[in-house]
Amino acid sequence: MYFIGYDLGSSTVKAALVDANTQQALAVVQYPERDMDIIARQPGWAEQDPEVWWLNICIATQRLLAQTRVPAQDIRAIGIGYQMHGLVVVNREQVVLRPAIIWCDSRAVSIGEQAFESLGPTYCLQQLLNSPGNFTASKLKWVKDNEPALYERIWRIMLPGDFIAMKCTGQVRTTIGGLSEGVMWNFQKRQLDTRLFDYYGLDIHLVPPQVPTFGEQGQLTALAAEQLGLAAGTPLCYRAGDQPNNALALNVLRPGEVAATSGTSGVVYGIVNQAIYDQASRVNAFAHVNYSDHFDRIGILLCLNGAGIEYAWIRQQVARSTHQYNDMGRMAQSVPVGADGLCMLPFGNGAERMLHNTTLNAHLLNLDFNRHSRAHVYRAGLEGVAFSFVYGMNILRNIGLNVDVIRVGNDNMFQSAIFSRTIATLMGCQIDVVDTTGAVGAALGAGFGWGHYHDLSEAMDKVRPTSVYQPEPDHSQYERAYAYWHARLRRLLDEANPDSVSQANKKASGNHLRQAIQLEQRLNTANHLLQEVNSYLQQNTPNSPERDRLLRQLKQQLQASESSVTDDALLDEYQDFRRQLLLHYPTLSRQEVKLCVLLKLKWTSKEIAAQLNLSIRGVETSRYRLRRKLGVAKGTQLGNFLRTL
């Protein structure tokens, strides 16, 4: 007995066949081998043909059955995971009327922003937990305004997963999860939000009837069964958006648990048991797969449009034709942390919600033709996406989501040791890599929906990490590289949003950027000098204790120089924290403020001693005095206290 699951992305389709008893995948097939086309008829647009999705699912299923030789009648249930936030429209004959407007299309940003202001931030955040933003309802409003004749022909609107379910069963249905990801669900009233539809002037009858996330949602028609190669009557028993489904696959179901993925886009998705939201609306809240049990399982989602798509672009446009991702990773390992000053911002895939819906575009900065190679570009690409994750995870921490342990799958950028270690080190968290995919999660979800498993915990109890990434002991070089990246990001954001930045902030941002650039240049010069002197002494000086002593002395001097130049540049990166600190504790000295920042960054006593020119004993004494000055309760770690400010 088996279950089949699909994971419909914007790049490819995955299909998995899972043994019901062992809960293990017999096989996972991906099709097509190359990324699916995204139609961009204008800047910021992103569309795909839904019928191509269906064709690819059919081909993937046929290949899966041919590979496993499992009889179609032994497959008892089907599950679907799918790319979120898209809009598919059909007429009464279930014919698609236009290409799907997919998740990364940013044409409706201004429509959602206007709705947010008109309906009021209080209503939107408390009732919808989101700004209407660039989500499905706003995309439908764009169709109504810009394609009115086509809008009049629409019979039903759907999310991408609803479309695949329609192709399977011939029935047009949706779920609470689908409505919430389209920002059409009212979390306080626990029903479809009519006020947003009224404001947009949309016909609420275009929304399909609801079915549960788990449970029979229809059966395969004879035509669909023939196209897929499955048995007619096989029930469809589960559907969910790709990020809730990915969290299910990783057994992230309870409050405090966090999942992450970095496919075409990057996502961090944590579970809470209450309605929380970001006042700046940089992150989103959606119904989790088990939300409707007690209406208290909500997924807080941080999305980075520019993630895996950036690294795929590098492979296609920069790498040699023979280089695969593993080859790129090995070459990147030969480059030091910070990629010798090469810096990449990966925001080239439409408006970034965590950057206040700014369309920033991607940037490769500080390129030196005499020093930088393909390997540097590979490393800068990996670090650029990792730094974006860190930037976003700090937003999640600030609104109260714990990010101490993250579970990830094994089929995205987290396979890269550079990528995972960079995030683990900067966040001070553990990353558990689980050998699973969204397609496997969809199959197990179908097994629960069909009734084979008594609850979700039983369905997912075989999920175990296959590898773990811990923070690197020496994280100062990661902090420097991130500070430089962050400085570049802030400068570009200031340039993109000049009206929101005061002249004083512009000047501070420019000073900080210059400091960061000078810091990077001085550190690179010091490192290259050390390498050159080391090479000269090895070639021209006999091996002796005296030579080793000279090398150690030189290295110590260079490290001391490095420590001195990082002082103001690194601390200035956390000026918001310093401002907040002095607001609550105005009597702190400059040295004490520095100590607070370094403790917040989880620097060790040895690293702090070198930075502040103190002995280890002096650091401990300073920590004791600081604890008393801040009034930190006994038993509370000073660093943890500072990270809550």
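Residues numbered from 1 in each chain as written. Predicted model: local features only at pLDDT ≥ 70, side-chain atom pairs only at ≥ 80, totals over all residues. Heavy atoms only, no water.

## Observations regarding the sheet that holds strand β5 (residues 75-82)
- The five strands are arranged β3-β2-β1-β5-β11 in an open sheet whose pairing can be described as mixed. Only two strands of the sheet have a single neighbouring strand rather than two, namely β3 (25-31) and β11 (236-241). Ignoring strand direction, the axes of neighbouring strands in this sheet form an average angle of 15 degrees.
- When β5 meets β11, the two strands line up parallel, connected through five bridges. By the bridge assignment, Y82 is partnered in β11 with G241. (Pairing = 2+ DSSP bridges. Helix = DSSP H or I, 4+ residues; strand = E, 2+ residues; numbered from the N terminus. Axes fitted to C-alpha atoms, helices over the stretch in contact; angles between N-to-C directions.)

## Section: the sheet that holds strand β19 (residues 430-434)
- Reading across the sheet, the seven strands line up as β14-β15-β13-β12-β18-β19-β20 and stay open at both edges, with mixed pairing between neighbours. Strand pairing shows two members of the sheet lacking a second neighbour, β14 (284-287) and β20 (465-469), which therefore form its edges. When the angles between neighbouring strand axes are averaged without regard to direction, this sheet yields 30 degrees.
- Inspection of the sheet shows β19 paired to β20 by four bridges, in the antiparallel sense. Following the sheet pairing, V433 is matched in β20 by S467.
- Seen against the sheet, helix α14 (residues 374-398) touches β12 (258-262), β13 (266-272), β15 (298-304) and β18 (405-408) and runs at an angle of roughly 145 degrees to β15. (Contact = heavy atoms within 4.5 Å.)

## Focus on the pairing of β3
- Examined bridge by bridge, strand β2 (residues 13-19) and β3 share six bridges and lie antiparallel to one another. When the sheet's bridge partners are listed, A15 is paired in β3 with V29.
- Here β2 folds back onto β3 in antiparallel fashion, the turn holding five residues, of which Q23 has a positive phi close to 65 degrees.

## Some points on the pairing of β12
- In terms of burial, β12 is largely enclosed, as five of its five residues are buried.
- The pairing of β12 with β13 spans five bridges and is antiparallel. Within β13, the position partnered with S262 by the bridge is G266.
- As paired strands, β12 and β18 are joined by two bridges and run parallel to one another. Within β18, the residue paired with A259 across the bridge is R407. (Buried < 20%, exposed > 50% of the residue type's maximum accessible area, 1.4 Å probe, protein only.)

## Re the side chain of N91
- Within the secondary structure, N91 is located in the loop between β6 (88-90) and β7 (100-101).
- Reaching out from N91, the side chain makes a polar contact with the backbone nitrogen of V95 at a distance of 3.0 Å.
- Beyond its immediate stretch of four places on either side in the chain, N91 contacts L97, R153 and W155. (Polar contact = N/O pair within 3.5 Å; in protein donor to acceptor, adjacent residues only side chain to side chain.)

## Remarks on the confidence of the model for the chain
- When the pLDDT values of the chain are averaged, the result is 88; 88% of them are 70 or greater.
- Every residue in residues 501-509 is under pLDDT 50, and counting partners more than four places away or in other chains gives seven contacts.
- The low-confidence segment residues 560-566 (pLDDT under 50) makes 13 contacts with residues lying over four places distant or belonging to another chain. (pLDDT = per-residue confidence, 0-100.)

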